[in-house]
Amino acid sequence: TSFAAPFVAGVAGLMINFDPSLMNQGDSIKRLIIRAAADRGRTVSSVAGSIPILSASEALKLAAQRPG
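In this text the structure is predicted, and so the values were computed from the model without any measurement. (Residues numbered from 1 in each chain as written. Predicted model: local features only at pLDDT ≥ 70, side-chain atom pairs only at ≥ 80, totals over all residues. Heavy atoms only, no water.)

1. Section: the pattern of salt bridges
Pairing of side chains with opposite charge becomes possible as their charged atoms draw close. Enumeration over the complete set of coordinates arrives at three salt bridges. Asp39 is the salt-bridge partner of Arg35, the closest N and O atoms lying 3.4 Å from each other. Highlighted residues: Arg35 and Asp39, both in helix 2 (residues 28-40), separated by four residues, approximately one helical turn. (Salt bridge = Lys/Arg side-chain N within 4 Å of Asp/Glu carboxyl O. Helix = DSSP H or I, 4+ residues; strand = E, 2+ residues; numbered from the N terminus.)

2. Observations regarding helix 1 (residues 5-18)
An ideal rise of 1.5 Å per residue puts 20 Å on 14 residues; helix 1 measures up with 20 Å between its terminal C-alpha atoms. Among the residues of helix 1, those classed as buried are Val11, Ala12 and Met15. Taken down its axis, helix 1 places every buried residue within 100° of arc, on the same side. For helix 1, the exposed residues lying more than 90 degrees away from the buried face are Pro6 and Asn17. Close packing links the buried residues of helix 1 with helix 2 and helix 3 (56-64). (Expected span 1.5 Å × (residues − 1). Buried < 20%, exposed > 50% of the residue type's maximum accessible area, 1.4 Å probe, protein only. Arc of directions from axis to C-beta. Contact = heavy atoms within 4.5 Å.)

3. Re the pairing of strand 2 (residues 49-52)
Examined bridge by bridge, strand 1 (residues 43-46) and strand 2 share four bridges and lie antiparallel to one another. In the strand pairing of strand 2, Ser46 is matched with Gly49. (Pairing = 2+ DSSP bridges.)

4. Here we look at a nonpolar patch on the surface
On the surface, Phe3, Phe7, Val8 and Leu54 cluster together to form a nonpolar patch covering roughly 400 Å² of accessible area. Following the sequence through the fold, Val8 ends up in helix 1. Val8 sits in the partly exposed class, given a relative accessible area of 34%. (Patch = residues over 30% accessible without salt bridge, like charges linked within 9 Å, V, L, I, M, F, W, Y side chains within 5 Å. Areas by Shrake-Rupley, 256 points an atom, 1.4 Å probe, with all protein chains shown as cover.)

5. Some points on the packing of helix 2 against helix 3
One way to put it is that helix 2 packs onto helix 3 with a least axis distance of 8 Å and a crossing angle of 120°. The orientation of helix 2 with respect to helix 3, classified from their angle, is oblique. Helix 2 and helix 3 meet at a crossing whose hand is right-handed. Each of Leu32, Ile33, Arg35, Ala36, Asp39 and Arg40 in helix 2 lies in contact with helix 3, whose residues at this interface are Glu58, Ala59, Leu62 and Ala63. Considering only residue class, the contact of helix 2 with helix 3 consists of six nonpolar, no polar and four charged. (Axes fitted to C-alpha atoms, helices over the stretch in contact; angles between N-to-C directions. Parallel < 35°, antiparallel > 145°, perpendicular 65-115°, else oblique. Left-handed = near helix turned anticlockwise from the far one by under 90°. Nonpolar A, V, L, I, M, F, W, Y, C, P; charged D, E, K, R; others polar.)

Here it is as structure tokens:
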């Protein structure tokens, strides 16, 4: 988890740079990152179960597909 934090923060930064209005959307950055990881379908197994793998490109695609 602590190893993944800089990567997730980097993707969030990319998304905000792409669309600054995401900052005013509450938890939409978090939702988009989680949805992108789940939609990609790639996972890693851990003691907590199957965990989706972060995807910067998918997160940016979802941000681009938002209305507005």
